[in-house]
Each structure stands twice: as structure tokens, then as C-alpha cells.
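Topology and contacts: notes
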Amino acid sequence: MIIVFILLVHLIVVLTIGILAFLNLIKIPIPFLAVVLWIPVFGPLCALIVHFYYISGRSGTKYAELENMKASLVWDEEEPSRSVESVNDIPLEDALILDDPSVRRSVMLDVLMENNSQYVGAISRARLNDDVEVVHYATTAMAEFSKEYELRLQQYATMYAEDHDNETLIENYADYLSSYIDSGLCGGQLLEIQVNTYQQLLRQLIKIRPTKKRYKVLASSYMDSGHLGLADELTSYLYDKYPHDEEAFTLRVRYYYETRQGDLLGKLIKECDSKDEYKSVELRNLISFWKEKEELQA
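To keep things clear, this report deals only with the structure shown in the data block. Owing to the predicted nature of the structure, the values given are computational and were not obtained by experimental measurement. (Residues numbered from 1 in each chain as written. Predicted model: local features only at pLDDT ≥ 70, side-chain atom pairs only at ≥ 80, totals over all residues. Heavy atoms only, no water.)

1. Let's talk about the packing of helix 12 (residues 246-258) against helix 14 (residues 281-297)
The geometry of helix 12 relative to helix 14 is characterised by a closest axis approach of 11 Å and an angle of 25° between their N-to-C directions. Between helix 12 and helix 14, the angle falls in the class roughly parallel. As helix 12 packs across helix 14, the resulting crossing turns out to be left-handed. Mapping the contact onto sequence places Glu246, Phe249, Thr250, Val253 and Tyr257 in helix 12 and Leu283, Leu286 and Trp290 in helix 14. (Axes fitted to C-alpha atoms, helices over the stretch in contact; angles between N-to-C directions. Helix = DSSP H or I, 4+ residues; strand = E, 2+ residues; numbered from the N terminus. Parallel < 35°, antiparallel > 145°, perpendicular 65-115°, else oblique. Left-handed = near helix turned anticlockwise from the far one by under 90°. Contact = heavy atoms within 4.5 Å.)

Here you go:
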């Protein structure tokens, strides 16, 4: 008798929820009535939870108002599409040595359209190409890159003058200046000025927060610019302070090589080779190279 009563109450509840759903007075999907019918107590409770979820607006959109997306309703610029592959997907360096003027010129035009500074090195070399049109494209591109670099550097210089103790700003300024120096876009007295500015920024960064990386970058810059006296002090300091650091060792090797101090270089190589510690492949190759060279000279 109790079971019959419970089933009767359950059917009344199901019927009530069904009528309310068809009248759109309770916001549940019609197929959800199967859950209400076959799961007593918890089915109706779930229906109420779904209803309150929809009317609260947290569902994102109401079930009855949900529509299929149509391509005609999407703006062309918003429609996803696979990128079109260029017929000239050839590295610029390879294109420049091809015996095909049309390919060289086409690839150069593609590069110019991209206006990407990662091609600066290759474009700089393209100015020596025997194709007059390629040389013209390359010269034009280098002028544009140079203009962009100089404009950005002027902005950095202005910001630096207004806030010369901002570590993040100085670091970004130094990084950008380094990329400009390495690009080959400047030379002569202008290059010397930019290198001096770069080294000044590095020294200020070290003063603000000395790190091993900053010391290494400055030491390398000193050697690149021919300031070998300063490079001697800094590479010696790094090697003494970080005797197990391979980069510090490599910088010291480079200093001895550039100053033609073969005896000290050989002594340094032997000292490192005798150390019973882990050596990377690069370091082992470096030691082997100098040992073989010393044996040939002996």
C-alpha cells in the first residue's frame, strides 16, 4: 500500500513537472523528463536544480534560445582559416645563392613584406649580391630597419633620462641596444657611441644588482670592442670567483687567445683538464682542440 502511494505521488510530480516544462514555466530540457520519470525523488530535485541554474543566467544561454551557429553570421575577418603557404617558402640565405633571379627577387619581396627584424643579418649580406634588383631591395630594407631601431632607441633614451634607476627599463634598453649593435646596421663612430652606451648600461645594472650573467655579458662586450685591459680585470675576476663555471673559463681562454698569450692559455687548458669534475661536451671539445694545437706546435 505504501509503495503504491509513493508511486502515485511520484507520477503526480512527474506529470506536474512535465506540464510546467511544456508551458515553459520551468526551464528544463524536454528530454530531461526521462530522468525525472525513472529516478524518483532525485530526478525531480535535479530538475529543480537545472531550472534554477538556467534562470540564474549562469548557464551562459537559455536552452530554448540556443541556435546553431551559421557561417553566414560570422564576419569574414573573424572566420578561422588556415594560413596560406607562400610558394616561396625558401630560406632567404638559400634563395640568395640560387641561380634563379626570379626566385631571389620573389623571396626578397616576401621578406620585405614581413618586415621582420630577424632577417637583418641575411638582408645585410644580400647587399653584396650580384643581382642589382636584390641589392636595391636589401638596401631599402636595411634603411627601414635602421630607421625603426633609431626611433625606438630615441624613445628608450628619453625614458632612461626620466627614470635612470629603473632596473627593468635599463635591462630592456640594454637588450634592444645589443640587438642593434649585433644587427650590423651601424658602424664607425656611431657604432662606437652605441657600444659605449651599452657598456655604461651594463655597468649600471651590475651596480644595481650584480649577477654572474651581467658580468659575463660585460666582459664579452669589452673583448668585442677591444677594451682588453678591462676585459682582463673582469675575466680574471669571474674565473677566480667562479672556478667551476664553464663560461667564465671560456671567457678567460678567449682573452688569452686575443691577447696572444699562448703560454698562459696552455697553462689554463692543462689546469682545467686536470680537474676531476664534470665537463660538458663543448668544454671537452675546446680542451681537445687546444691540446691538439699545442701538440702540433711542439
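Anyway, onward from the coordinates.
2. Things to note about the packing of aromatic side chains
Throughout the structure, instances matching the rule amount to 10 aromatic pairs. For the ring pair Tyr149 and Tyr180, a centre distance of 5.1 Å and an interplane angle of 35° mean the geometry is tilted. Here the residue Tyr149 occupies a position in helix 7 (residues 132-162), and Tyr180 occupies one in helix 8 (residues 167-183), the gap between them amounting to 31 residues. By the burial criterion, Tyr149 is buried, and Tyr180 matches it. Summarising the aromatic geometry, the rings of Tyr156 and Tyr173 are spaced 5.5 Å apart at their centres and angled 10° between planes, so their arrangement reads as stacked. With a gap of 17 residues between them, Tyr156 in helix 7 and Tyr173 in helix 8 connect regions that are remote in the sequence. Each member of the pair, Tyr156 as well as Tyr173, is classed as buried. Site record: aromatic cluster; members linked through ring pairs are Tyr149, Tyr156, Tyr160, Tyr173, Tyr176 and Tyr180. (Phe/Tyr/Trp six-rings, centres within 6.5 Å; stacked < 30°, edge-to-face > 60°. Buried < 20%, exposed > 50% of the residue type's maximum accessible area, 1.4 Å probe, protein only.)

3. What to know about a nonpolar patch on the surface
A contiguous nonpolar surface patch, about 390 Å² in accessible area, is contributed by Val41, Leu45, Leu48 and Phe52. Mapped onto the fold, Leu45 is located in helix 3 (residues 42-55). (Patch = residues over 30% accessible without salt bridge, like charges linked within 9 Å, V, L, I, M, F, W, Y side chains within 5 Å. Areas by Shrake-Rupley, 256 points an atom, 1.4 Å probe, with all protein chains shown as cover. Salt bridge = Lys/Arg side-chain N within 4 Å of Asp/Glu carboxyl O.)

4. Comments concerning the packing of helix 10 (residues 212-224) against helix 12
Closest axis-to-axis distance for the helix 10/helix 12 pair is 11 Å, and the angle between their directions is 15°. Comparing their axes, helix 12 and helix 10 come out roughly parallel. Seen along the crossing, helix 10 lies across helix 12 with a hand that is left-handed. Note on element contacts: helix 12 touches helix 10 through Glu247, Ala248, Leu251, Arg254, Tyr255 and Glu258, opposite Lys216, Ala219, Ser220, Met223 and Asp224. When the residues that make up the contact of helix 10 with helix 12 are grouped by side-chain class, the tally is 5 nonpolar, 1 polar and 5 charged. (Nonpolar A, V, L, I, M, F, W, Y, C, P; charged D, E, K, R; others polar.)

5. Thoughts on the nonpolar core
If you look at the biggest cluster of nonpolar residues, it comprises 44 residues, and the most contacted ones within it are Leu177, Tyr180, Leu201, Phe249, Val253 and Ile269. Sorting the residues of this core by element identifies helix 7, helix 8, helix 9 (188-208), helix 10, helix 11 (228-241), helix 12, helix 13 (262-274) and helix 14 as the ones contributing at least two each. Setting aside its immediate chain neighbours within four residues, Val253 contacts Leu265, Leu268, Ile269 and Trp290. (Core = buried A, V, L, I, M, F, W, Y, C linked by side-chain atoms within 4.5 Å.)

6. Thoughts on the pattern of salt bridges
A complete count under the given rule lists 10 salt bridges for this structure. Where Arg214 meets Glu167, a salt bridge forms, and the shortest distance between an N and an O atom there is 2.8 Å. Here Arg214 is found in helix 10, whereas its partner Glu167 is found in helix 8, with 47 residues between them in sequence. Owing to a relative accessible area of 7%, Arg214 belongs among the buried residues under this scheme. With a closest N to O distance of 2.9 Å, Asp245 and Lys216 form a salt bridge. One end of the pair, Asp245, is in the loop between helix 11 and helix 12; the other, Lys216, is in helix 10, with 29 residues separating them in the sequence. One network of salt bridges, with partners in common, ties together Glu167, Glu171, Arg209 and Arg214.

7. Structural notes on the side chain of Arg214
A distance of 3.0 Å separates a polar side-chain atom of Arg214 from the backbone oxygen of Leu205. Those residues in contact with Arg214 that lie beyond four places of it in its chain are Glu167, Glu171, Leu205, Ile206 and Arg209. (Polar contact = N/O pair within 3.5 Å; in protein donor to acceptor, adjacent residues only side chain to side chain.)

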